[in-house]
Amino acid sequence: MFDPTAFDNLKVVVEGEVYDFDLSGEISILDRKDLFDFAHYERTYVIEYSLPDMTSSITLELRADMGHFLAERNGIRSKNKAGADIRFIYSGKEELHDHKGELESAWGPDKEWEWIDVHSSVHPSKVQGILSFNRIITEEMVDDVIHMVSFSIETLDILK
């Protein structure tokens, strides 16, 4: 048996929280990926969800790279490197631009947002808002992660 990493423990919490909302009917899970990149020694857990009958969605991405794993293995917790990065990616139609300010305000001023317009000659155009937290999420922040998931679902109401 192996000792689970901080990433593994955070992934279990995220997955459980999102699936609880799915089971209650509050959201619909659209996609899920659990990836390991052997070339870069990087793990990524991705889960996409939306409110029922809604075209906009959120993709929650939890990622840990070699630096995170080495910090944990070598006991470098004091530098706060052991853990994972988390971000939320809002995806929707062009109308998502109309809600930029509301989303940025809801999450607070200390967050980093990147807004991307995706234009395709094959698929409909879409907009993505990528929310980053500028800090490593550690196991001690499990309650914050649970709150982030539920708050992300609340913010989907802004996009209705």
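Our subject is the structure that appears above.
Now for a quick tour of the structure. (Residues numbered from 1 in each chain as written. Predicted model: local features only at pLDDT ≥ 70, side-chain atom pairs only at ≥ 80, totals over all residues. Heavy atoms only, no water.)

Quick notes on the packing of helix 1 (residues 6-23) against helix 4 (residues 142-156)
Helix-helix packing is characterised by the crossing angle of the two axes and by the distance between the axes.
In step 1: Where helix 1 contacts helix 4, the axes come no closer than 10 Å and their chain directions differ by 35 degrees. Seen along the crossing, helix 1 lies across helix 4 with a hand that is right-handed. Residues Leu10, Val13, Val14, Glu17, Val18 and Phe21 of helix 1 lie in contact with helix 4, whose contacting residues are Val142, Val145, Ile146, Val149, Ser150 and Ile153.
In step 2: In terms of residue class, the contact of helix 1 with helix 4 is built from ten nonpolar, one polar and one charged. (Axes fitted to C-alpha atoms, helices over the stretch in contact; angles between N-to-C directions. Helix = DSSP H or I, 4+ residues; strand = E, 2+ residues; numbered from the N terminus. Left-handed = near helix turned anticlockwise from the far one by under 90°. Contact = heavy atoms within 4.5 Å. Nonpolar A, V, L, I, M, F, W, Y, C, P; charged D, E, K, R; others polar.)

Side note on the nonpolar core
In step 1: Counting 36 residues, the largest nonpolar core has Tyr49, Leu60, Ile86, Phe88, Tyr90 and Trp107 as its most contacted members.
In step 2: Setting aside chain neighbours within four positions, we find leucine 60 in contact with Val14, Tyr45, Val46, Ile47, Tyr49, Ile86, Arg87, Phe88 and Val149. (Core = buried A, V, L, I, M, F, W, Y, C linked by side-chain atoms within 4.5 Å. Buried < 20%, exposed > 50% of the residue type's maximum accessible area, 1.4 Å probe, protein only.)

Side note on a nonpolar patch on the surface
In step 1: A surface patch of nonpolar side chains, about 530 Å² in accessible area, is lined by Phe36, Phe38, Tyr41, Met66 and Leu70.
In step 2: Position of phenylalanine 36 relative to the elements: it lies in strand 1 (residues 28-37). (Patch = residues over 30% accessible without salt bridge, like charges linked within 9 Å, V, L, I, M, F, W, Y side chains within 5 Å. Areas by Shrake-Rupley, 256 points an atom, 1.4 Å probe, with all protein chains shown as cover. Salt bridge = Lys/Arg side-chain N within 4 Å of Asp/Glu carboxyl O.)

Details of the pairing of strand 3 (residues 57-64)
In step 1: Of all eight residues making up strand 3, seven are buried, and the element is well covered by its neighbours.
In step 2: For strand 2 (residues 42-50) and strand 3, the ladder comprises seven bridges, and the chain directions are antiparallel. Its bridge partner being in strand 3, arginine 43 is matched across the sheet by alanine 64.
In step 3: Here strand 3 pairs with strand 4 (residues 85-92) via seven bridges, running antiparallel. Bridge pairing in strand 4 links leucine 60 to phenylalanine 88. (Pairing = 2+ DSSP bridges.)

Looking at the side chain of threonine 155
In step 1: Mapped onto the secondary structure, threonine 155 falls in helix 4.
In step 2: The class of threonine 155 is buried, set by a relative accessible area of 1%.
In step 3: Only 2.5 Å separates the side chain of threonine 155 from the side chain of tyrosine 90, close enough to count as a polar contact.
In step 4: Ignoring any residue separated from it by four or fewer positions in sequence, one finds threonine 155 in contact with Ile58, Tyr90, Leu103, Ala106 and Trp107. (Polar contact = N/O pair within 3.5 Å; in protein donor to acceptor, adjacent residues only side chain to side chain.)

Here's the deal with the sheet that holds strand 5 (residues 112-118)
In step 1: Across the sheet, six strands lie side by side as 1-2-3-4-6-5; this open sheet has antiparallel pairing. Edge positions in the open sheet fall to strand 1 and strand 5, since each of these has one partner strand only. With strand direction ignored, the average angle separating the axes of adjacent strands in the sheet is 15 degrees.
In step 2: Contacting strand 4, strand 5 and strand 6 (126-132), helix 3 (residues 100-107) crosses the sheet at an angle of about 155 degrees to strand 5.

As for the layout of surface pockets
In step 1: Roughly 220 Å³ of internal volume is contained in the largest pocket.
In step 2: Forming the boundary of the largest pocket are Leu30, Glu48, Thr55, Ser57, Thr59, Ser91, Gly92, Lys93, Pro124, Ser125, Lys126 and Gln128.
In step 3: Contributing elements (two or more residues each) for the lining of the largest pocket: strand 3, strand 4 and strand 6.
In step 4: Of the residues in the lining of the largest pocket, the class split is two nonpolar, seven polar and three charged. (1 Å grid on protein atoms, 1.4 Å probe; cavity = no way out; pocket = protein on both sides within 12 Å on 5 of 7 lines; lining within 4 Å. Points joined across faces, edges and corners; volume = space filled by probe spheres on them.)

Some words on a negative patch on the surface
In step 1: Together, Glu94, Glu95, Asp98, Glu102 and Asp117 make up a negatively charged patch on the protein surface.
In step 2: In this fold, aspartate 117 is placed in strand 5. (Lys, Arg positive; Asp, Glu negative; His and termini not counted. Charge placed at Lys NZ, Arg CZ, Asp CG, Glu CD.)

Re unusual backbone geometry
In step 1: A positive phi angle, close to 45 degrees, is found at tyrosine 41, a residue other than glycine.
In step 2: Along the polypeptide, tyrosine 41 turns up in the loop between strand 1 and strand 2.
In step 3: Here the phi dihedral of aspartate 53 falls at roughly 60 degrees; this positive angle occurs in a residue that is not glycine.
In step 4: Locating aspartate 53 in the fold gives a position in the loop between strand 2 and strand 3.

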